[in-house]
Amino acid sequence: MKKIFPVIIVLITLSLIGTIYVQYSWLRTMLADKQEEFKRTVYASIDEVGKDLMEQRNAIPNLKNIRSKPGFRWPSAEFNMELMRPPTISQKFTWYVVEEKLKRSFNSHGLKNLKFEFAVVPNVSGAVPELKSRAFMKELDKLDSVNTLTLIYPFAAAPGSDFENLVPDETMYVLVPDIKGVALRQMHWMIIGAVFFTLMIITAFYVTVSALLRQKKMSEIKNDFINNMTHEFKTPLATISLAVDALRNEKVIED
C-alpha cells in the first residue's frame, strides 16, 4: 500500500492537469472560431447595408441646384450629365441614417447592442471623412490593431454599368472595438459550464485524495496497533514458555 499510494496520487494529479489543459485548449479554439464567425457576421451585415445604400443612391438622380452654377445653360449636355450623375453616399445620407441602418442590420444578424464606429471617405489621396459617426476619430486615435476589427467596404459602380465614372468612388470604414470581449460574451454559457465542471473535477480530486490519506492513516494506525499488541502478547508468552521449559527440566525438578 505504501508503494502504490504515491503512484495513485501522481496518476490522479496528472489526470486533473490533463483535463484542465484540454478544457483550456478547447476554450481557446472555441474563442478563435467565435471571433472568425463574428467577423463573417459583421461583414455580412455591412455588405447588406452597403448594397442598400448603393441602390438608394442610384435610384434617385441628383437634383442639386444645377442652375446656380456659373455658365449653366439648359438644355445642354452638362445639364443632362449633372441630372444623371448620382450623389455620393456622403451627399445622399446623413451619418444618423447610415448608423441606424448598420444597427438594424447588426440586430437582424444577432449582434444586438454592438458598439461600432464608421466613416465614409472619398477614394482620393489625403481625403478626410465626409461622413462619420460621432466617435469615429476618437476610436481611430486609440485604435488597437489586435483587438479592434477594421472592415473596409468600397462603394464603387460595377464595371460597365451606367453609373461607372459618373460619381467618385468612396470607401466605408467600420471599426468594432473589443472583438475578443464580444466573442467571450457570446460564449459565456460555455465558459461557465467549463469552469463549473472543472471545479467539480477538482472537488472530486480533493475528496479522493483526502479519502486515500485517511485510509492510509487508518491502515498505519491498525498496523501499529497490531504490532504493539503482538509485542505485548509475545513478552508474557515467552516468559511462560521459559517457565514451562524450566519445569520440564529434570535438574530443576530434582532441586
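What you are looking at is a predicted structure, and each value in this text was computed from that prediction instead of being measured.

**Q** Is there a simple way to explain the overall build of the protein in this structure?
**A** Counting its secondary structure elements, the protein contains eight helices and four strands. Helices (α) and strands (β) of the protein occur, in sequence order from the N terminus, as α-α-α-α-β-β-α-β-β-α-α-α. Counting only residues that meet the buried cut, the protein has 27% of its 255 residues in that class. Restricting the contact set of the protein to residue pairs at least 6 apart, pairs at least 24 apart contribute 71%. Taken as a whole, the protein presents about 17600 Å² of accessible surface, with 61% of it coming from carbon and sulfur.

**Q** Where do I start with a nonpolar patch on the surface in this structure?
**A** Taken together, the side chains of Ile20, Val195, Leu199 and Ile202 present a nonpolar region at the surface, about 310 Å² in accessible area. Here the nonpolar patch gets three residues from one element, more than from any other, and that element is helix α7 (residues 188-248). Mapping Val195 onto the fold places it in helix α7.

**Q** How do you make sense of unusual backbone geometry when you look at a structure like this?
**A** Keep in mind that most residues, glycine aside, have a negative phi and that most peptide bonds are trans. The backbone of Asn113 shows a phi angle near 60°, a positive value even though the residue is not glycine. With respect to the helices and strands, the residue Asn113 is situated in the loop between α4 (95-108) and β1 (117-122). Backbone geometry places Asp178, a non-glycine residue, at a positive phi of 55°. Considering the arrangement of structural elements, one finds Asp178 in the loop between β4 (170-176) and α6 (179-186).

**Q** Mind showing me how you'd approach the pattern of salt bridges here?
**A** Oppositely charged side chains are able to pair whenever their charged atoms sit close together. For the structure on display, the rule yields seven salt bridges. Here Asp47 ties to Lys51 by a salt bridge, and the two come within 3.2 Å at their closest N and O atoms. Of this pair, Asp47 and Lys51 are both found in helix α1 (residues 4-59), four residues apart, which corresponds to roughly one turn of the helix. A salt bridge links Glu99 to Lys103; the nearest nitrogen and oxygen atoms lie 3.9 Å apart. Remark: Lys103 and Glu99 occur in helix α4; sequence separation between them is four residues, near one turn of the helix. Look at Glu99 and you get buried, because its relative accessible area is 8%. Salt bridges here are not isolated pairs; linked through shared partners, they connect Glu99, Glu100 and Lys103.

**Q** What is the right way to read the sheet that holds β1 from this model?
**A** Sheet strands line up and pair through hydrogen bonds in the backbone, either parallel or antiparallel. Strand order across the open sheet formed by four strands is β2-β1-β4-β3, with antiparallel pairing between neighbours. Of all strands in the sheet, those bounded by a partner on one side alone are β2 (131-132) and β3 (149-155). Pairing between β1 and β2: two bridges, direction antiparallel. Note on β2: the bridge partner recorded for Ala119 is Lys132. Each of β1, β2 and β4 touches α4; the most contacted strand, β1, lies at about 125° to it.

**Q** How should the pairing of β4 be read in this particular structure?
**A** As a general feature of sheets, a regular strand has side chains that alternate between the two faces. Buried residues dominate β4, accounting for six of its seven residues. Taken together, the six bridges between β1 and β4 define a ladder with antiparallel strand orientation. Directly across from Phe118, in β4, lies its bridge partner Val174.

**Q** What exactly am I supposed to notice about the nonpolar core here?
**A** The nonpolar side chains of soluble globular proteins are, as a tendency, buried together. Membership of the largest hydrophobic core comes to 26 residues, with the highest contact counts inside it found for Phe38, Val42, Ile46 and Val176. Secondary structure elements with two or more residues in this core: α1, α4, β1, β3, β4 and α6. Not counting the four nearest positions on each side in its chain, Val176 is found in contact with Phe38, Val42, Leu114, Lys115, Phe116, Asn147, Thr148 and Leu149.

**Q** Hey, could you run me through the environment of Ile12 in this one?
**A** For Ile12, the location among the structural elements is in helix α1. As a C-alpha pair, Ile12 and Tyr206 span 194 residues in sequence and 10.0 Å in three-dimensional space. In this structure, Ile12 is in contact with Phe205, Thr208 and Leu212, ignoring residues within four places of it in sequence.

**Q** Would you mind going over the environment of Ala44 with me for this structure?
**A** Summarising the element assignment, Ala44 is placed in helix α1. Take Ala44: its relative accessible area is 33%, and that puts it in the partly exposed class. Each C-alpha atom, one on Ala44 and one on Ser105, is 8.9 Å from the other, the two residues being 61 residues apart in sequence.

Reading guide: rules and limits
Residues numbered from 1 in each chain as written. Predicted model: local features only at pLDDT ≥ 70, side-chain atom pairs only at ≥ 80, totals over all residues. Heavy atoms only, no water. Helix = DSSP H or I, 4+ residues; strand = E, 2+ residues; numbered from the N terminus. Buried < 20%, exposed > 50% of the residue type's maximum accessible area, 1.4 Å probe, protein only. Contact = heavy atoms within 4.5 Å. Areas by Shrake-Rupley, 256 points an atom, 1.4 Å probe, with all protein chains shown as cover. Patch = residues over 30% accessible without salt bridge, like charges linked within 9 Å, V, L, I, M, F, W, Y side chains within 5 Å. Salt bridge = Lys/Arg side-chain N within 4 Å of Asp/Glu carboxyl O. Pairing = 2+ DSSP bridges. Axes fitted to C-alpha atoms, helices over the stretch in contact; angles between N-to-C directions. Core = buried A, V, L, I, M, F, W, Y, C linked by side-chain atoms within 4.5 Å.

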